[in-house]
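Okay, here's what each chain looks like letter by letter:
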Amino acid sequence: MTAIRRNTLRTMLTAASGLALALAFAAPASAHAGLVGTDPEDGAVLDTAPASVSATFSENLDGPSTEIAVTGPDGAVIDAGDPVFEGDTFTQPMLYAEPGEYTVAYRVISEDGHRIDGAVSFTVAEIPAELSLNPVETETSTAAETTAASAPAETESTSEAAAAEEDSGNSAAIIAGALLVLLAVAIGIAVLVNRRRKAAE
């Protein structure tokens, strides 16, 4: 075998070995977990705020190693509770401070140790009372509205009661006056009868 053929064969073997190594390293890399989908979708605009946000990946997740943070429209972190893990999916419960854009940022670790960083952002227009971070304020406002609405009715009832009492007082005065007149007439009649009796004697 000539030197040229030996060099050519050596070059082909080297190239083949390099390709085999590349394929060997590429196979595990392609098996790393990837995001499959989220609910709601990233960038969604919703009329009503959802009770939770979920994300599904191509491999099962290592729950204890996963980090999730929820932020509101002002960028402040919201303590919405602990996520729930079911195989390849995590579900993050949600709470809301006000309408606007919310972001669920995550750093998940798959079973093979691969890390995936990402986020799901969506906008909500209305927040159900049970998902609001300010339920006390809502109840206070409702109580204030109820009090304001009942105030005119209470005032009207008080006025009617005062008017009834005034009418009752007037009626009592009229009755008392009539009784006095009757008493005076009776006394007059008695005096007149007595005088006539004496005159007859």
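Since the structure is predicted, the reported quantities are computational estimates derived from the model, not experimental observations.

Reading guide: rules and limits
- Residues numbered from 1 in each chain as written.
- Predicted model: local features only at pLDDT ≥ 70, side-chain atom pairs only at ≥ 80, totals over all residues.
- Heavy atoms only, no water.
- Core = buried A, V, L, I, M, F, W, Y, C linked by side-chain atoms within 4.5 Å.
- Buried < 20%, exposed > 50% of the residue type's maximum accessible area, 1.4 Å probe, protein only.
- Contact = heavy atoms within 4.5 Å.
- Salt bridge = Lys/Arg side-chain N within 4 Å of Asp/Glu carboxyl O.
- Helix = DSSP H or I, 4+ residues; strand = E, 2+ residues; numbered from the N terminus.
- Pairing = 2+ DSSP bridges.
- Axes fitted to C-alpha atoms, helices over the stretch in contact; angles between N-to-C directions.
- Polar contact = N/O pair within 3.5 Å; in protein donor to acceptor, adjacent residues only side chain to side chain.
- Phe/Tyr/Trp six-rings, centres within 6.5 Å; stacked < 30°, edge-to-face > 60°.

Novice: Just to check I follow, could you spell out the nonpolar core for this structure?
Specialist: Looking at soluble globular proteins, one finds that nonpolar side chains tend to be buried together. Grouped together as the largest cluster of nonpolar side chains are 23 residues, with contacts concentrated most on Phe57, Met94, Tyr96, Tyr102 and Phe122. Residues within four places of Phe57 in sequence aside, it is in contact with Gly34, Leu35, Val36, Asp88, Phe90, Tyr106, Val108 and Ile116.

Novice: It is not clear to me how the pattern of salt bridges should be interpreted in this structure. Could you clarify?
Specialist: Across all of its chains, the model carries two salt bridges by this definition. Asp117 is paired through a salt bridge with Arg107; the nearest N and O atoms lie 3.1 Å apart. On the criterion of sequence distance, the pair formed by Asp117 in strand S9 (residues 115-126) and Arg107 in strand S8 (residues 100-109) is long-range, its members being ten residues apart. A salt bridge links Arg115 to Asp117; the shortest N-O distance between them is 3.2 Å. Look at the salt bridges and you will find they share partners, linking Arg107, Arg115 and Asp117 into a network.

Novice: Please explain the pairing of S9 as it appears in this structure.
Specialist: The side chains of a regular strand alternate, residue by residue, between the two faces of the sheet. The sheet contact formed by strand S2 (residues 44-48) and S9 spans four bridges and is parallel. By the bridge assignment, Val45 is partnered in S9 with Thr123. As paired elements, S8 and S9 share ten bridges and run antiparallel to each other. Along S9, the bridge assignment pairs Ile109 with Arg115. The turn linking S8 back onto S9 is made up of five residues, and Gly113 within it adopts a positive phi angle of 90°.

Novice: Any chance you could explain the sheet that holds strand S7 (residues 89-93) here in plain terms?
Specialist: Sheets are built from strands that pair by backbone hydrogen bonding, the pairs being arranged parallel or antiparallel. Here four strands make up an open sheet; going across it, the order is S1-S3-S7-S6 and the pairing antiparallel. What marks the edges here is a single partner per strand, and that holds for strand S1 (35-39) and strand S6 (84-86). Across the sheet, the axes of successive neighbouring strands diverge by a mean angle of 15°, strand direction being ignored. By the bridge criterion, four bridges tie S1 to strand S3 (residues 52-57) in an arrangement that is antiparallel. Along S3, the bridge assignment pairs Thr38 with Ala55.

Novice: Even after reading the chapter, I still don't get the sheet that holds S9, so can you show me in this structure?
Specialist: Strand order in the open sheet formed by five strands is S2-S9-S8-S4-S5, and the pairing between neighbours is mixed. A strand with exactly one partner marks an edge of an open sheet, and here the two such strands are S2 and strand S5 (77-78). Judged from the two bridges that link them, strand S4 (residues 67-71) and S5 form a sheet pairing that is antiparallel. Note that in S5 the partner of Val70 across the bridge is Ile78.

Novice: What is the right way to read the side chain of Thr89 from this model?
Specialist: Checked against the element boundaries, Thr89 lands in strand S7. A relative accessible area of 17% means that Thr89 is categorised as buried. A distance of 3.0 Å separates polar atoms of two side chains, one belonging to Thr89 and the other to Thr56.

Novice: What's the story with the packing of aromatic side chains in this structure? I'm lost.
Specialist: The way to describe two aromatic rings as a pair is by their centre distance and the angle between their planes. Under the counting rule described, the total for this entry stands at four aromatic pairs. Ring geometry for Tyr96 and Tyr102: centres 4.8 Å apart, planes at 80°, overall edge-to-face. Grouping residues by exposure puts Tyr96 and Tyr102 together as buried. Every member of this aromatic cluster is reached through a ring pair, and the members are Phe57, Phe90 and Tyr106.

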